Amino acid sequence: MKGYITLGTVSVVAAIVFFAYLGATEQGRMVEFSQAFHARQIENGATLFANNCAPCHGEQGKGSPRAPGLNSGDLFNGTRLESIGWAGTLEDYLLLTISAGRPKASSGAEAYPERMPTWGQAYGGPLRTDQVQSLAAYIMNWKDRALAEAPVATLESADMVGIDFTVVLPEGDEERGKALASGALGCAACHILSNLGPAWATTEAGPGIGTRAQTRFQQEDYTGEVTSAVQYLFESIVHPNAYGVTGYEPDVMPATYATRMTPQDMADMIAYLLTFQ
């Protein structure tokens, strides 16, 4: 009987020691497991990307004429998300975009004519949720390299155009303005690809923004301070609430372009806007 008691005591002590050891090492094992799981996600994502995404987004996500690059500094430094008004995390943006697709071109219909299809099964696509997560993990894996290859350019405030619409701007380049609108500044997302902002192009409701700008500042309901079409477009970009276009809510357009655009950027953008007659 004494032997059984001794054996039972030893067994209990051994069990306590064993579970104490497990508890002490659990955090480390969970970290190792998470790292291994994440590595497998990236590997699976690489295969999925090569088979499904590379034909449009290019090998290693460097982009192509069909779709923008994803292995790109402007995606990871927040510039691209800011341009479309996305307030969440980049990973959430990737998960949603991969799952639900994009019914409109990413950065201008002329630059990227392809429409991204839905890939997630919840939206009628072919990929499971775990496969969508693997794709997002693979793309997020490019972050450090993409930022290192395309460091964020910083400009002093003196280099920016500011809010004085009476300044003399350099000669504008409409093609560069078109590229800015479709890319870094993200204007096309609201004014060309959707109806979130007043349409730049001619519609059934009226002429293009270039024509409207010629007379808008002379209207009785105009509440701004400009005296020319160029000044009106300048003011509309840096001070969007100066005049509220009927049917559109205030405070929707970002009021940050005065500190994001150089005088050349503004001149190029205005030159492009004036082509919409």
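Description of the structure in this document. Please read all numbers here as calculations on a predicted model, not as lab measurements. (Residues numbered from 1 in each chain as written. Predicted model: local features only at pLDDT ≥ 70, side-chain atom pairs only at ≥ 80, totals over all residues. Heavy atoms only, no water.)

Moving on: the overall build of the protein. Counting secondary structure elements, the protein contains eleven helices and zero strands. Sequence-ordered secondary structure for the protein, helices as α and strands as β, is α-α-α-α-α-α-α-α-α-α-α. Burial statistics for the protein: of 277 residues in total, 34% are counted as buried. Pairs at least 24 residues apart make up 60% of the contacts formed inside the protein by residues separated by at least 6 positions. Carbon and sulfur atoms provide 58% of the accessible area of the protein, an area that totals close to 16,200 Å². (Helix = DSSP H or I, 4+ residues; strand = E, 2+ residues; numbered from the N terminus. Buried < 20%, exposed > 50% of the residue type's maximum accessible area, 1.4 Å probe, protein only. Contact = heavy atoms within 4.5 Å. Areas by Shrake-Rupley, 256 points an atom, 1.4 Å probe, with all protein chains shown as cover.)

So, about the side chain of Arg216. With respect to the helices and strands, Arg216 occurs in helix H9 (residues 209–216). No salt bridge is formed by the buried Arg216. Its closest oppositely charged neighbour is Asp221, at 6.3 Å. Not counting the four nearest positions on each side in its chain, Arg216 is found in contact with Tyr222, Tyr232, Tyr243 and Val245. (Lys, Arg positive; Asp, Glu negative; His and termini not counted. Salt bridge = Lys/Arg side-chain N within 4 Å of Asp/Glu carboxyl O.)

With that out of the way, let us pick up the pattern of salt bridges. All chains considered together, the criterion is met by four salt bridges. Among the ionic pairs, Arg128 bridges to Asp130, the shortest N-O distance being 2.8 Å. We classify Arg128 as partly exposed; its relative accessible area is 41%. Residue Asp130 is classed as partly exposed on the basis of its relative accessible area of 36%. A salt bridge links Arg176 to Asp265; the shortest N-O distance between them is 2.8 Å. One end of the pair, Arg176, is in helix H7 (residues 174–182); the other, Asp265, is in helix H11 (residues 263–273), and 89 residues separate them in sequence.

Packing of H7 against H11 brings their axes to within 7 Å, and their N-to-C directions diverge by 100 degrees. Comparing the axis directions of H7 and H11 gives the class roughly perpendicular. Contacts between H7 and H11 involve Glu174, Arg176, Gly177, Lys178, Leu180 and Ala181 on the former and, on the latter, Gln264, Asp265, Asp268, Met269, Ala271 and Tyr272. (Axes fitted to C-alpha atoms, helices over the stretch in contact; angles between N-to-C directions. Parallel < 35°, antiparallel > 145°, perpendicular 65-115°, else oblique.)

Now for the nonpolar core. With 28 residues, the main nonpolar core has Trp200, Ile237, Met261, Met266 and Met269 as its most contacted residues. Counting only elements with at least two residues in this core, the list comes to H7, H9, helix H10 (229–238) and H11. The dominant element in this core, judged by the number of residues it contributes, is H10, at six residues. In terms of nonpolar packing, the next biggest core, distinct from the first, is built from 23 residues, Ile42, Leu48, Cys53 and Ile139 among them. (Core = buried A, V, L, I, M, F, W, Y, C linked by side-chain atoms within 4.5 Å.)

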